[in-house]
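Spelled out, the chains give:
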Number of protein chains: 2
Amino acid sequence: MRISELSAESGVALPTVKYYLREGLLHPGEQRSATRADYDDTHLRRLRLIRALLEVGKLPVASIKKIIEAVDDESLPVHTMLGTAHYALAPEVAPAEPGDELEAARAEVDRVVAGHGWQVLPDAPPRAELAEILLRMRSLGMTPDLAPYAEAADRLVREVEMATIPFDGPRDAAVEALVLGTVLYGKAFDALRRLAQESESARRLAR
Amino acid sequence: MRISELSAESGVALPTVKYYLREGLLHPGEQRSATRADYDDTHLRRLRLIRALLEVGKLPVASIKKIIEAVDDESLPVHTMLGTAHYALAPEVAPAEPGDELEAARAEVDRVVAGHGWQVLPDAPPRAELAEILLRMRSLGMTPDLAPYAEAADRLVREVEMATIPFDGPRDAAVEALVLGTVLYGKAFDALRRLAQESESARRLAR
């Protein structure tokens, strides 16, 4: 299809499509003549991924470029490619005060990870996030217990979430599914949890 | 205790304590003389709540004032008071395009709520959030299924979360527990879910 059709088909404005081409986020079409290039489904799929990373992942173009590079580098294992996108989604955490509290929090995170037999890299961003959250809870006088949350997350991810990722499909489709699922179902769970809290609060107080 | 001791005990800077007093967020101490007032545990508890709403809930002072008013209005049922804080924590959602898609999304949210027998008000903010998220998912070509997420949220909230709210304790302590638990365990679950995803991705791709 022509670039104008690619724009219409994808719903991405023509100047934006041209910008992605210039930035190297979108691979060039097949040059048919000096004035015409042909685009296909791989371009449509790539535009879907860029839109997902930009609009849903809220990632800066620089991060998106890194992810696209990982998608295009066929020598990278799929898991590593997915990890590049996954880690880019992690919220910024201010580095915690080094000290015994931080060490204890890190050890607690390690116990949770080991307890579920999770295979995650030592520098996986959610480890530091969790340690940070545990410190925060303690500084506010809470006595945190991650166990039931880890249990719920483990079940949800194993039984439902990762089954929806097309690991055997095109690389960019897998990344898109991971990013959309992680961000949007994360927001959905948060809203569902608040609905359940309102209901349970009503139920308990009605007694 | 004197205001200087209240500041030291609570870890809230003296000028900030005085600001909360002026704003009416913190109730006055007992006037002992022209130059001295006495403060007690109720002031410490109130400062903890303000800190929770401000630092963890990231709420503007105007919202905090509304919540404090609800805490102080003993004529308000505890559930209504908690709801005031709970609704204030809901993220802003841009109102969705009216139309058949929105109606369908709202109906789907109603089905989830009814399916779990949740008692939530028709205007509970998470309803609109969820409808918005469902529309978003569809516009991105996803076929959303909230069921397993609703199930996980329901179990977590009924079996664990609301059991930690001191409904029979002081009103501000209950609000503080709800706000801290909702926000911080929400972040914790999100990080735990990403750890489980990384692990499950490794496991499936190792096959």
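The following paragraphs examine the structure supplied in this document. (Residues numbered from 1 in each chain as written. Chains lettered and ligands numbered in written order. Predicted model: local features only at pLDDT ≥ 70, side-chain atom pairs only at ≥ 80, totals over all residues. Heavy atoms only, no water.)

**Observations regarding the overall build of chain A**
And step 1. What chain A contains, in helices and strands, is nine helices and two strands.
And step 2. The globule rule puts the C-alpha radius of gyration for 207 residues at 17 Å, and the 21 Å found for chain A is more than 25% above it.
And step 3. Expressed along its principal axes, the backbone C-alpha trace of chain A runs to roughly 70 × 45 × 30 Å.
And step 4. Burial statistics for chain A: of 207 residues in total, 49% are counted as buried.
And step 5. Counted over contacts in chain A with a minimum sequence separation of 6, partners at least 24 positions apart contribute 58%.
And step 6. Put simply, chain A shows about 10000 Å² of open surface, and 53% of that area lies on carbon and sulfur atoms. (Helix = DSSP H or I, 4+ residues; strand = E, 2+ residues; numbered from the N terminus. Rg over C-alpha atoms; globule rule 2.2 N^0.38 Å. Buried < 20%, exposed > 50% of the residue type's maximum accessible area, 1.4 Å probe, protein only. Contact = heavy atoms within 4.5 Å. Areas by Shrake-Rupley, 256 points an atom, 1.4 Å probe, with all protein chains shown as cover.)

**Here's the deal with the pattern of salt bridges**
All names here are of chain A.
And step 1. Taken as a whole and judged by the stated rule, the model has 40 salt bridges over all chains.
And step 2. Glu 23 serves as the salt-bridge partner of Lys 65, at 3.5 Å between the closest nitrogen and oxygen. Of the two residues, Lys 65 is situated in helix 4 (residues 61-72) and Glu 23 in helix 2 (residues 14-23); the sequence distance between them amounts to 42 residues.
And step 3. On the basis of relative accessibility, which here comes to 31%, the residue Lys 65 falls in the partly exposed class.
And step 4. Judged by relative accessible area, which is 27%, Glu 23 ranks as partly exposed.
And step 5. A salt bridge links Asp 190 to Arg 194; the shortest N-O distance between them is 2.9 Å. Of this pair, Asp 190 and Arg 194 both sit in helix 9 (residues 171-206), four residues apart, roughly one helical turn.
And step 6. The class of Asp 190 is partly exposed, set by a relative accessible area of 27%. (Salt bridge = Lys/Arg side-chain N within 4 Å of Asp/Glu carboxyl O.)

**Observations concerning the interface of chain A and chain B**
And step 1. Across the contact, 74 residues belong to chain A and 74 residues belong to chain B.
And step 2. Summed over both partners, the interface of chain A with chain B buries about 7100 Å², with 69% contributed by carbon and sulfur atoms.
And step 3. Scanning the region where chain A abuts chain B turns up six salt bridges.
And step 4. Residue Glu 55 of chain B pairs with Arg 136 of chain A through a salt bridge whose shortest N-O separation is 3.6 Å.
And step 5. Between chain A and chain B we count 32 residue pairs in polar contact (both at pLDDT 80 or more) in total.
And step 6. At the level of secondary structure, the elements contributing two or more residues to the side of chain A that touches chain B comprise helix 3 (41-56), helix 5 (78-88), helix 6 (100-115), helix 7 (125-139), helix 8 (147-159) and helix 9 of chain A.
And step 7. Examining the composition of the side of chain A that touches chain B, we find that 25 residues originate from one element, helix 9 of chain A, more than from any other. (Buried area = accessible area lost by both parts, 1.4 Å probe. Polar contact = N/O pair within 3.5 Å; in protein donor to acceptor, adjacent residues only side chain to side chain.)

**Topic: helix 7 of chain A**
And step 1. The end-to-end C-alpha distance of helix 7 of chain A, which contains 15 residues, comes to 21 Å, matching closely the 21 Å that a straight helix rising 1.5 Å per residue would cover.
And step 2. For helix 7 of chain A, the complete set of buried residues consists of Pro 126, Arg 127, Glu 129, Leu 130, Ala 131, Ile 133, Leu 134, Leu 135 and Met 137 of chain A.
And step 3. Where helix 7 of chain A is buried, its residues contact helix 6 of chain A together with helix 9 (171-206) of chain B.
And step 4. Of the residues one or two after helix 7 of chain A, Gly 141 of chain A is the one with positive phi, at around 85 degrees. (Expected span 1.5 Å × (residues − 1).)

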